[in-house]
Protein chains: 4
Amino acid sequence: MSHNSFGHLLRVTTWGESHGPAIGCVVDGCPPGIALSEADIQPFLDKRRPGTSRFTTQRREPDEVRILSGVFEGRTTGTPISLMIENVDQRSKDYSDVAKAYRPGHADYAYDAKYGFRDYRGGGRSSARETAMRVAAGAVARKIIPQVSITAWTAELGGDAAESFDAAQIAANPFFAADANAATRWEQLVDGARKSGSSLGSIVACEATGVPAGWGAPLYAKLDASLAAAMMSINAVKGVEIGDGFEAARLSGEANADPMRPGANGPEFTANHAGGIAGGIATGQPVTARIAFKPTSSILTPVDTITPDGEATQIATKGRHDPCVGIRGVPVVEAMMALVLADQYLLHRAQCGG
Amino acid sequence: MSHNSFGHLLRVTTWGESHGPAIGCVVDGCPPGIALSEADIQPFLDKRRPGTSRFTTQRREPDEVRILSGVFEGRTTGTPISLMIENVDQRSKDYSDVAKAYRPGHADYAYDAKYGFRDYRGGGRSSARETAMRVAAGAVARKIIPQVSITAWTAELGGDAAESFDAAQIAANPFFAADANAATRWEQLVDGARKSGSSLGSIVACEATGVPAGWGAPLYAKLDASLAAAMMSINAVKGVEIGDGFEAARLSGEANADPMRPGANGPEFTANHAGGIAGGIATGQPVTARIAFKPTSSILTPVDTITPDGEATQIATKGRHDPCVGIRGVPVVEAMMALVLADQYLLHRAQCGG
Amino acid sequence: MSHNSFGHLLRVTTWGESHGPAIGCVVDGCPPGIALSEADIQPFLDKRRPGTSRFTTQRREPDEVRILSGVFEGRTTGTPISLMIENVDQRSKDYSDVAKAYRPGHADYAYDAKYGFRDYRGGGRSSARETAMRVAAGAVARKIIPQVSITAWTAELGGDAAESFDAAQIAANPFFAADANAATRWEQLVDGARKSGSSLGSIVACEATGVPAGWGAPLYAKLDASLAAAMMSINAVKGVEIGDGFEAARLSGEANADPMRPGANGPEFTANHAGGIAGGIATGQPVTARIAFKPTSSILTPVDTITPDGEATQIATKGRHDPCVGIRGVPVVEAMMALVLADQYLLHRAQCGG
Amino acid sequence: MSHNSFGHLLRVTTWGESHGPAIGCVVDGCPPGIALSEADIQPFLDKRRPGTSRFTTQRREPDEVRILSGVFEGRTTGTPISLMIENVDQRSKDYSDVAKAYRPGHADYAYDAKYGFRDYRGGGRSSARETAMRVAAGAVARKIIPQVSITAWTAELGGDAAESFDAAQIAANPFFAADANAATRWEQLVDGARKSGSSLGSIVACEATGVPAGWGAPLYAKLDASLAAAMMSINAVKGVEIGDGFEAARLSGEANADPMRPGANGPEFTANHAGGIAGGIATGQPVTARIAFKPTSSILTPVDTITPDGEATQIATKGRHDPCVGIRGVPVVEAMMALVLADQYLLHRAQCGG
């Protein structure tokens, strides 16, 4: 029920603002006896960390995670795992621009409408900085389900779709592209957007293999419904597809069927339009999703807006921002997939055993 | 936490199988003192009811709802509202086909993998029949937020998109099309699919007006995240978009901005790419979503599959089925929108008052 | 979160009023494959059924339960189990007395203060009639944990404590007394109260054996905390003790210790002051609790009260009432114990496996 | 659902072990705009702080709380409030005694049975040190409901009951006694227990005034059920009573009635046996509860026990321990009362408005 918690049994509560002293999360419900140290988490944070290339925000945050509880002698104890990252590079800049006018596309106005006021420093709670804790929690989730392998990549950037898939490429370029040619093209796209004070959207694809048939739970804890909520809760996400998604709506029943055949290790499917989920439950095929990130709302181009007092004005967001927020969204998407799957694993074990 | 419950404070629990004696739901958390009778609910059920045209399943269910609790002297008491519909037309057909082979695209195999066995009669719990109770609950939700107006329609069917929007048309054709020409074209499409034993997908659009700025709640109870879960939990849904959705990923930051101007009654926006939601909180603009329904999995065309014992076979699903399950999904989408909004209204009132 | 739901993973939602057409519940989260029929539930309802002796209310309700969903071919399917009992003997009496004045000790005034009005017929939702569904749900819970044996009995009635314990006696008298002599004395006590238009309280004891060490979960889902909530939610309950309860507060640390010794089948304890729970987790000893029921508030003796308009008046509650509501509370206490334990079993299996 | 979270809408998640680097909590759901600083919280922590008299543990912890998020310019923002206290005085003693044998009465064995191993340093997660965060969260809760006044005191210690009530005395002695004579007697009792290596239990009473009629919610979120769970979740608590509690079971219906009279400011009651709650809903009278604390389990007197390997041994717990853990339980009881009431206030506002 908590607004800032996620998950049924593996339950993550995040806290912290962009420019507060620290951000953190509590991971509750983790099974006991799992080997866990900061070294299991840090690599995932490093993938998401800002300032690693000219294509992301220039804010410099080491994002060093500390485990404050729930681990004893290198293993999880079954009690809540508290993770914390100190904010280091909260630049003491003047936020009066943002305080004095709502940035279109941002949550500024909505927060004021809801709460009556807001922490305007760097977006406060609505900042994508919160996603660092999702990545940290996701790293814990991965340890719970080692049989599952999760990979996300940028499938499209600025309307330019990748045309090939080579998993080995993903780590080899700053865009998490699985297509080296696309990565080359995107360099120019993102540089152009950055230089012109504009921004770009992207589409992230994610695949989880090794998910056993049976995980998931009808009807309101469906695996796909949980994934949809998880992904849509990420900053800047505006769309979620499972399997063929919107394209499935354009197929005939025959074309969309995923026929089954007997296989050496259980059933095999000759297609995967369904993205590995039927009736909210995993079929044993790869679980696939696609997630749409809108372009970063913070742009240098002046846009019409109003002040908190309702006066007309314009705003151009200076600060340090990602020209394409979807890029650093890739490790976040992976983390949310891991959290949903680990949670569904526990739910399944609760009701159906082993 | 319950698998079969939905909502934070307005909490709906549904029960029942396609061929059991009845289906029902419990609506908990409804404010007291709201005028409510079966006559408030039945019209919405009638929109979703099967057998009303040749374009939907021929199962004949009157879907007459009864209120069994929670209403006294015509008003809600604040205690749980129990709604029930008796199943009338469970045809005593032989389900041995479905019992003996998994229908590709259906939840048959996944249910068996999860639970070890399944109620195969008409799809059991995985049947879209459950959505009748969502529609019934949604009718209650509408009474909680009378200031909000919710409309859904079929925006695309079988890959053929509507080209105009006239709200008055929606009730005038069997497809909930807002475009009379599209409705004419779709007659042929659906007739063709039905006659050839095939099926079609569709895309449903939904708009809610009158949602005040401020409803919604960061970060894991975001209005858009709740909508995504709600919509993705509907049978056959494979994709959800808020506002421009995937198209937003192809816009520049300037093009995607929704500039604000002072208006006579508060802020006005000169665009609504965001679909009325920023940072998970309503902006006061219309809340818009698009939902992709895959083609009905039950088709007459034989498809390769396996038996529960793992033997290769083929299956052609005879029975009575919707050639395009997305059509009757339209009132279900409206209901889920109403449930999410009424729930968020209560959440907002809890934390922020008034 | 739902006000009318109980349990974490085995989640029961009850609905219905004393004088509505029916009462019911939905049991969600039950493991699949468990043999279940009405015959498993009815005997427990029969124990609680009104009108079986002159010591309980004379309302005649057969309390015949129907399973409406979640069971197929005699086994639970893992989907929600809907249980319903029709109200038969809602006597068409005039409720104007209760409508026109608040019964002291009853929830009448509190409901009006909360909701603005109330269903006054037989107490509406606040009637102990709701506990029939707890008993029905508890019968399902017992099937989930067959290794556990649960027994409750009346330990004290009208201030007169039983002095011996013979489990075989419990079913042999109308008070669920484990002491035949006490039962004889209580006949006179209850007859006296009934005849004088008064009422009596009682204390119910409950013991669950076979609970494995390890069930339960710190810190806010503690086994004892869940039991306390479960028991305190029963109508008329005003106190809950685990193990020695309030007497433990009067012991020294040495006297209260439960020393451990190695045993043939694992650790053995030489005392059980703790009532089988330490740190919120079962120790493997019998789980014991004591529950205080206040005297029935509905009494024939006139009491000062006010009308809904705030005028002074007096009320004597005629109707049909239990002279000692705690008697029929015995099977309800057992049911709540079963529900808590089955829920904790599933929680434990989720986090810690098998 | 989270094991380490508490509350429906005002939701507190605690984390941390007795000898980890820090303990903390996240308070989610707090209304926005409430003035809050560390100075609002620290005084309550200081009341609970160890080492302030010879009657509590000699561990020296300053228990300085830091607010890490959720407050901006001195007011709550509506986003999660992260509170943290660093552990300072984790004495680097040898814990091999506790590691090598289970302390009877403690959670040691139960944790091992559940999780397979445990953080044995100072009791790890099962330590009463966690209650510091309850007190901190409770201080936030008080700010949400300033109209409510909450007071707890020690009503009985070591079986010796206080005989008078003078609220002014509570802060004037180290036992939170409201009876100066009792405080004098208890000095000797506690000194005696401490010197002989024994320990004592106590009974804490708590009263909340200013709770409006209407707060609370049937049936499984009843105010009394929530209080029972809240109190029973505190370390060492074995019993909870509302109003007259177990004594109510010994009264006749007439004696237990709380007659109502018209008053200048609404209804008045001429008694409060019910402890301010009927049907789970506040009646407007003071909400009263009594809570039983068992004697501290850690005693110097050797007790029979076993090792993790199942061998017979004896253990005498040296370390630094409270001779009567119930004393420092007083501010914890107040905090849990505040948390339950603030939560119920939000729940009530959600469903019933204003």
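Quick note: structure is the one above.
Reference entry: report on the structure contained in this document. (Residues numbered from 1 in each chain as written. Chains lettered and ligands numbered in written order. Predicted model: local features only at pLDDT ≥ 70, side-chain atom pairs only at ≥ 80, totals over all residues. Heavy atoms only, no water.)

Here we take up the overall build of chain A. Helix and strand counts for chain A stand at eight helices and 18 strands. Over its C-alpha atoms chain A spans a radius of gyration of 21 Å, differing by no more than 12% from the 20 Å that the globule rule assigns to 354 residues. Across its three principal directions, the C-alpha atoms of chain A cover 65 × 50 × 40 Å. When the 354 residues of chain A are sorted by exposure, 67% land in the buried category. In chain A, the proportion of contacts linking residues at least 24 apart, taken out of those at least 6 apart, comes to 70%. Accessible area for chain A stands at about 10,500 Å²; split by element, carbon and sulfur atoms hold 48% of it. Looking at chain A, you have 34 positive and 38 negative side-chain charges, and the mean spots of the two groups are 4 Å apart. (Helix = DSSP H or I, 4+ residues; strand = E, 2+ residues; numbered from the N terminus. Rg over C-alpha atoms; globule rule 2.2 N^0.38 Å. Buried < 20%, exposed > 50% of the residue type's maximum accessible area, 1.4 Å probe, protein only. Contact = heavy atoms within 4.5 Å. Areas by Shrake-Rupley, 256 points an atom, 1.4 Å probe, with all protein chains shown as cover. Lys, Arg positive; Asp, Glu negative; His and termini not counted. Charge placed at Lys NZ, Arg CZ, Asp CG, Glu CD.)

On to helix α6 (residues 223–232) of chain A. Most of α6(A) is tucked away, with 10 of its 10 residues classed as buried. Those residues of α6(A) not exposed but buried are L223(A), D224(A), A225(A), S226(A), L227(A), A228(A), A229(A), A230(A), M231(A) and M232(A).

The next subject is the packing of helix α8 (residues 325–352) of chain A against helix α8 (residues 325–352) of chain C. Taken N-terminus to C-terminus, the directions of α8(A) and α8(C) make an angle of 135°; their axes are 7 Å apart at the nearest point. Relative to α8(C), the element α8(A) is oriented oblique. With respect to the hand of their crossing, α8(A) and α8(C) are arranged in right-handed fashion. The residues of α8(C) that touch α8(A), namely those facing L346(A), R349(A), A350(A), Q351(A) and C352(A), are L346(C), R349(C), A350(C), Q351(C) and C352(C). For the contact of α8(A) with α8(C), the class distribution of residues is six nonpolar, two polar and two charged. (Axes fitted to C-alpha atoms, helices over the stretch in contact; angles between N-to-C directions. Parallel < 35°, antiparallel > 145°, perpendicular 65-115°, else oblique. Left-handed = near helix turned anticlockwise from the far one by under 90°. Nonpolar A, V, L, I, M, F, W, Y, C, P; charged D, E, K, R; others polar.)

Residue and element names in this part refer to chain D. With 28 residues, helix α8 (residues 325–352) should reach 40 Å at 1.5 Å per residue; the first-to-last C-alpha distance of 40 Å fits that figure. Of all the bends in α8, the greatest measures close to 35° and is centred on P331. Of the residues flanking the end of α8, it is G353, one or two places downstream, whose phi is positive at about 75°. (Expected span 1.5 Å × (residues − 1). Bend = angle between axes of the 7 residues up to and from the residue.)

Turning chain C through 180° and shifting it by 0.0 Å along the axis lays it on chain D, with an RMSD of 0.0 Å. Overall, the copies show the geometry of a two-fold rotation axis. Mapped onto chain D, 100% of the interface residues of chain C again fall at the interface, so both copies present the same surface. (Least-squares fit on C-alpha atoms with pLDDT ≥ 70 in both.)

For the rest of this paragraph, the subject is the interface of chain D and chain A. A common way to express how large an interface is: the accessible area buried when the components associate. Counting from both sides, the interface comprises 41 residues of chain D and, opposite them, 41 residues of chain A. Contact between chain D and chain A buries roughly 3,400 Å² in total, counting both sides, with carbon and sulfur atoms accounting for 66%. Of all residues in chain D, the largest losses of buried area upon contact with chain A belong to W15(D), F72(D) and F117(D), amounting jointly to 21% of the total for that side. If you look at where chain D meets chain A, you find 10 residue pairs in polar contact (both at pLDDT 80 or more). Among the secondary structure elements, those contributing two or more residues to the side of chain D that touches chain A are β2 (11–16), β3 (22–28), β6 (75–76), β7 (81–86) and α3 (108–115) of chain D. Here the side of chain D that touches chain A takes five residues from β2(D), the largest share from any one element. Looking at the side of chain D that touches chain A residue by residue, the classes come out as 15 nonpolar, 16 polar and 10 charged. (Buried area = accessible area lost by both parts, 1.4 Å probe. Polar contact = N/O pair within 3.5 Å; in protein donor to acceptor, adjacent residues only side chain to side chain.)

The final tally for this structure, using the stated rule, is 38 aromatic pairs over all chains. Consider the rings of F55(A) and F175(A), whose centres lie 4.7 Å apart with planes at 50°: the pair is tilted. Linking F55(A) in the loop between α1 (38–48) and β4 (65–67) with F175(A) in the loop between β9 (160–161) and α5 (180–195), this pair joins segments that are 120 residues apart in sequence. Neither F55(A) nor F175(A) differs from the other in exposure class; each is buried. A centroid spacing of 5.2 Å and a plane angle of 90° characterise the contact between F72(A) and Y120(D), whose relative ring orientation is edge-to-face. Placement of F72(A) in strand β5 (residues 71–72) and of Y120(D) in the loop between α3 and α4 (131–144) is noted, with the two residues assigned to different chains. Of the residues examined, F72(A) reaches a relative accessible area of 5% and is grouped as buried. What makes Y120(D) partly exposed here is its relative accessible area of 22%. An aromatic cluster is built from F55(A), F175(A) and W186(A), whose rings are joined through pairwise contacts. It is K114(A) that lies over the ring of Y115(A); its NZ or CZ is 5.8 Å from the centre. (Phe/Tyr/Trp six-rings, centres within 6.5 Å; stacked < 30°, edge-to-face > 60°. Lys NZ or Arg CZ within 6 Å of the ring centre and 35° of its normal.)

Moving on: the packing of helix α6 (residues 223–232) of chain C against helix α6 (residues 223–232) of chain D. Running from N to C, α6(C) and α6(D) point in directions that differ by 160°, and their axes come no closer than 8 Å. As the angle between them shows, α6(C) and α6(D) are arranged roughly antiparallel. The crossing of α6(C) and α6(D) is right-handed. Contact residues: D224(C), A225(C), A228(C), A229(C) and M232(C) in α6(C); D224(D), A225(D), A228(D), A229(D) and M232(D) in α6(D). Of the residues assigned to the contact of α6(C) with α6(D), the class counts are eight nonpolar, no polar and two charged.

Counting through the fold element by element, I144(B) comes out in helix α4 (residues 131–144). Here the alpha-carbon distance between I144(B) and L339(B), two residues 195 residues apart in the chain, equals 9.5 Å.

Every contact between the two is made by 100 residues of chain C and, on the other side, 100 residues of chain D. Taking both partners together, chain C and chain D bury about 7,800 Å²; carbon and sulfur atoms supply 64% of that area. Summed over the shared surface of chain C and chain D, the number is four salt bridges. Sort the elements by how many residues they give to the side of chain C that touches chain D and helix α3 (residues 108–115) of chain C lands first, with six residues. (Salt bridge = Lys/Arg side-chain N within 4 Å of Asp/Glu carboxyl O.)

With respect to the helices and strands, H106(C) occurs in the loop between α2 (96–100) and α3. Sequence spacing of H106(C) and E130(C) is 24 residues, and the spatial spacing of their C-alpha atoms is 15 Å. Leave out the neighbours within four places in its chain, and H106(C) touches S297(C), S298(C) and A278(D). Of the polar contacts made by the side chain of H106(C), one reaches the side chain of S298(C); its length is 2.7 Å.

With that settled, the discussion passes to the relation of the copies chain D and chain A. Superposing chain D onto chain A takes a rotation of 180° plus a shift of 0.0 Å along the axis, which leaves an RMSD of 0.0 Å. Of the residues that chain D buries at the interface, 100% are likewise interface residues in chain A, meaning the two copies contact each other through the same surface.

Turning to the pattern of salt bridges, a few remarks are in order. Taken as a whole and assessed by the stated rule, the structure comprises 84 salt bridges over all chains. Between D160(B) and R185(B) there is a salt bridge, with the nearest N and O atoms lying 2.7 Å from each other. Linking D160(B) in strand β9 (residues 160–161) with R185(B) in helix α5 (residues 180–195), this pair joins segments that are 25 residues apart in sequence. D160(B) gets classed as buried once you look at its relative accessible area, which sits at 19%. Between R328(D) and D322(D) there is a salt bridge, with its nearest N and O atoms 2.9 Å apart. Of the two residues examined, R328(D) and D322(D), each falls in the buried class.

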